[in-house]
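So you can see what is in the structure, the chains are spelled out below.
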Amino acid sequence: MEQAPRDPERQLQPAPLEPLGCPDAGLGAAVGKEAAGAGEEDSGVDTMTHNNFWLKKIEISVSEAEKRTGRNAMNMQETYTAYLIETRSVEHTDGQSVLTDSLWRRYSEFELLRNYLLVYYPHIVVPPLPEKRAEFVWHKLSADNMDPDFVERRRIGLENFLLRIASHPILCRDKIFYLFLTQEGNWKETVNETGFQLKADSRLKALNATFRVKNPDKRFTDLKHYSDELQSVISHLLRVRARVADRLYGVYKVHGNYGRVFSEWSAIEKEMGDGLQSAGHHMDVYASSIDDILEDEEHYADQLKEYLFYAEALRAVCRKHELMQYDLEMAAQDLASKKQQCEELATGTVRTFSLKGMTTKLFGQETPEQREARIKVLEEQINEGEQQLKSKNLEGREFVKNAWADIKLCSHADQYVQKGNSSLDQC
């Protein structure tokens, strides 16, 4: 998609996509020499194939869920669900075992892992988590997050989440992710020591950037609009589906009542007894058939929810780009203001109304020494501002390059994960 270039100091310009590098080699010793060369060969599908070494060496699964009772941070008793993560090594010709381990994790720990990844890899479409509480429920489904059916669907979603991270050429090499699979005790403390909470962008700042950015990248704007529309359409579809399922379930179950009436009627009718009994049986079969129909529909509804959650993951990348673009524009505006002040001091002319101009008229002109000292300070600030603006430009271009490279990889990711788990759906 073409984009009309603007002032290079005011607009992030995407550079040509290049192969992604390896920002974190913390897992190199754990997964072998392949980590060092991953990410430097090809792009697109080939890059995903070469970098997908984790799923070639180990199998990751969330095998079971268990209801537990414990005390939270407020020392209050609570009931929660813990999930057993198992990692099994795959046999190799060299006879080396990469990883064999199992541990229990809560859903909140999965959330903590994803929040960490969002902060340290803002240019990556971080795979979404399954819903924390049941949404778009209908009569038969329980909204209780301890419901066995809901827990099972969430278990599958958490397994898909880990497999997608393990198949990503960058995220799979993160040390915190490795410790998430291998270190049960003190893992939260290790994550908090990274200080990622302090680096997280505030929601107020993100909202401010959304409305005040002047030169947004059209590609990210189009992507954000697409994500918003996708979220809106899927949410509406799921709500309508829940209402239709409710009504359909009620209609079918009414026939179950008819079946009971026909069965009771057949007991008092001599001539039509067999026919009424048969009719009652067919009514019962018809009423019970809705359970299988809606169960199959629920499977497709879960797949639609994954599209819904991925749309939000795309929006997170777009919001980060808006923040970076807004910071760049503010830095450029501040630099232009300082250059204007310096020019006004050097020439002795004031182009715009300012508080400084009013004080000059009230209290007189500055001495030449004062003016020279102010000009010197402004020149130093201008030099710092130019360096800062250049740094933000480079950072922004790198973000755009890596973000679009990852979006392309995302479209191919799940087909490789599916080789290890057939229950996964496309990204």
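Scroll up to find the structure this text is about.
Here is a short report on the structure shown in this document. What you see is a predicted model, and the numbers here were worked out from it, not measured in a lab.

## Re the overall build of the chain
- Broken down by element type, the chain carries 14 helices and three strands.
- Across the 427 residues that make up the chain, the buried fraction comes to 41%.
- Within the chain, contacts between residues at least 6 apart in sequence are counted, and of these 73% link residues at least 24 apart.
- On the chain, roughly 24,000 Å² of surface is accessible, and the fraction owed to carbon and sulfur atoms is 52%.

## Examining the pattern of salt bridges
- With the rule as written, the count across this model stands at 22 salt bridges.
- Close ionic contact of Arg241 with Glu297 constitutes a salt bridge, the shortest N to O distance being 3.3 Å. Taken as a pair, Arg241 in helix α11 (residues 218-268) and Glu297 in helix α12 (residues 273-347) lie far apart in primary sequence, 56 residues in all.
- Given a relative accessible area of 32%, Glu297 falls into the partly exposed group.
- The closest approach of N and O atoms between Arg315 and Glu312, which form a salt bridge, is 3.0 Å. A residue pair is termed a helical-turn pair when its members lie 3 or 4 positions apart in one helix, as Arg315 and Glu312 do in helix α12 at three residues.
- With a relative accessible area of 29%, Glu312 lands in the partly exposed category.

## Side note on helix α7 (residues 175-182)
- Within α7, burial applies to Ile176, Phe177, Leu179, Phe180 and Leu181.
- Structurally, the start of α7 carries an N-cap: the backbone nitrogen of Ile176 is 2.8 Å from a side-chain oxygen of Asp174.

## Some words on the side chain of Lys224
- When you line up the elements, Lys224 lands in helix α11.
- Residue Lys224 is classed as buried on the basis of its relative accessible area, which comes to 11%.
- Residue contacts for Lys224: discarding those within four places in its chain leaves Thr210, Arg315, Cys318 and Glu322.

## A word on the packing of aromatic side chains
- In the structure shown here, the tally under the stated rule is eight aromatic pairs.
- Feature note: the residues Phe110, Phe161, Phe180 and Trp187 constitute an aromatic cluster, connected by ring pairs.
- The ring of Tyr80 has Arg106 sitting right over it, with the charged end atom 3.9 Å from the ring centre.
- A cation over an aromatic ring shows up here: Arg154 above the ring of Tyr107, its NZ or CZ 4.6 Å from the ring centre.

## Focus on the side chain of Asp174
- Summarising the element assignment, Asp174 is placed in the loop between α6 (148-167) and α7.
- Within the buried set, Asp174 has no salt-bridge partner at all; the shortest N-O distance to an opposite charge, 9.5 Å, is to Arg173.

## A word on the sheet that holds strand β3 (residues 101-106)
- Taking strand neighbours across the sheet as the criterion, the three strands line up as β1-β2-β3 in an open arrangement whose pairing is antiparallel. Two strands in the sheet have a free side with no partner beyond their single neighbour: β1 (58-71) and β3. Between one strand axis and the next, the sheet turns through 25 degrees on average, direction left out of account.
- By the bridge criterion, 13 bridges tie β1 to strand β2 (residues 77-89) in an arrangement that is antiparallel.

## Structural notes on the nonpolar core
- The biggest cluster of nonpolar side chains holds 33 residues, and the ones touching the most others in it are Ile85, Phe110, Leu113, Leu117, Leu162, Phe180 and Trp187.
- For this core, the secondary-structure elements that each account for two or more residues are β1, β2, α5 (107-120), α6, α7 and α8 (187-193).
- Per-element accounting of this core gives the leading share, seven residues, to α6.
- Each residue touching Ile85, except ones within four places of it in the same chain, is listed here: Ser61, Val62, Asp101, Ser102, Leu103, Arg105, Phe110, Leu162, Phe180 and Leu181.
- Counting residues in each nonpolar core, the second largest holds 14 residues, with Val125, Leu223, Ala313 and Cys318 among its members.

## Focus: the environment of Phe309
- Residue placement: Phe309 occurs in helix α12.
- Residues Phe309 and Leu129, 180 residues apart in the sequence, show an inter-C-alpha distance of 7.6 Å.
- Setting aside its immediate chain neighbours within four residues, Phe309 contacts Pro128, Leu129, Pro130 and Glu131.

## With respect to the packing of helix α10 (residues 203-212) against α12
- The N-to-C vectors of α10 and α12 enclose an angle of 70 degrees; their axes lie 9 Å apart at closest approach. In this view, α10 runs roughly perpendicular relative to α12, as classed from their interaxial angle. Crossing angle aside, the handedness with which α10 passes α12 is left-handed. Residue-level contacts link Lys205, Ala206, Asn208, Ala209, Thr210 and Arg212 of α10 to Glu322, Leu323, Tyr326, Asp327 and Glu329 of α12.
- Partitioned by chemical class, the residues of the contact of α10 with α12 number four nonpolar, two polar and five charged.

## Regarding a negative patch on the surface
- Together, Glu369, Glu372, Glu379, Glu380 and Glu384 make up a region of like negative charge exposed at the surface.
- Its location among the elements puts Glu369 in helix α14 (residues 368-417).

## Details of the packing of α5 against α7
- Relative to each other, α5 and α7 sit at 165 degrees, their axes nearing to 10 Å. As judged from the angle between their axes, α5 and α7 are roughly antiparallel. α5 and α7 meet at a crossing whose hand is left-handed. Only Ile176, Phe177 and Phe180 of α7 make contact with α5, whose side of the interface consists of Glu109, Phe110, Leu113 and Tyr116.

Thresholds, definitions, all that
- Residues numbered from 1 in each chain as written.
- Predicted model: local features only at pLDDT ≥ 70, side-chain atom pairs only at ≥ 80, totals over all residues.
- Heavy atoms only, no water.
- Helix = DSSP H or I, 4+ residues; strand = E, 2+ residues; numbered from the N terminus.
- Buried < 20%, exposed > 50% of the residue type's maximum accessible area, 1.4 Å probe, protein only.
- Contact = heavy atoms within 4.5 Å.
- Areas by Shrake-Rupley, 256 points an atom, 1.4 Å probe, with all protein chains shown as cover.
- Salt bridge = Lys/Arg side-chain N within 4 Å of Asp/Glu carboxyl O.
- Polar contact = N/O pair within 3.5 Å; in protein donor to acceptor, adjacent residues only side chain to side chain.
- Phe/Tyr/Trp six-rings, centres within 6.5 Å; stacked < 30°, edge-to-face > 60°.
- Lys NZ or Arg CZ within 6 Å of the ring centre and 35° of its normal.
- Lys, Arg positive; Asp, Glu negative; His and termini not counted.
- Pairing = 2+ DSSP bridges.
- Axes fitted to C-alpha atoms, helices over the stretch in contact; angles between N-to-C directions.
- Core = buried A, V, L, I, M, F, W, Y, C linked by side-chain atoms within 4.5 Å.
- Parallel < 35°, antiparallel > 145°, perpendicular 65-115°, else oblique.
- Left-handed = near helix turned anticlockwise from the far one by under 90°.
- Nonpolar A, V, L, I, M, F, W, Y, C, P; charged D, E, K, R; others polar.
- Patch = residues over 30% accessible without salt bridge, like charges linked within 9 Å, V, L, I, M, F, W, Y side chains within 5 Å.
- Charge placed at Lys NZ, Arg CZ, Asp CG, Glu CD.

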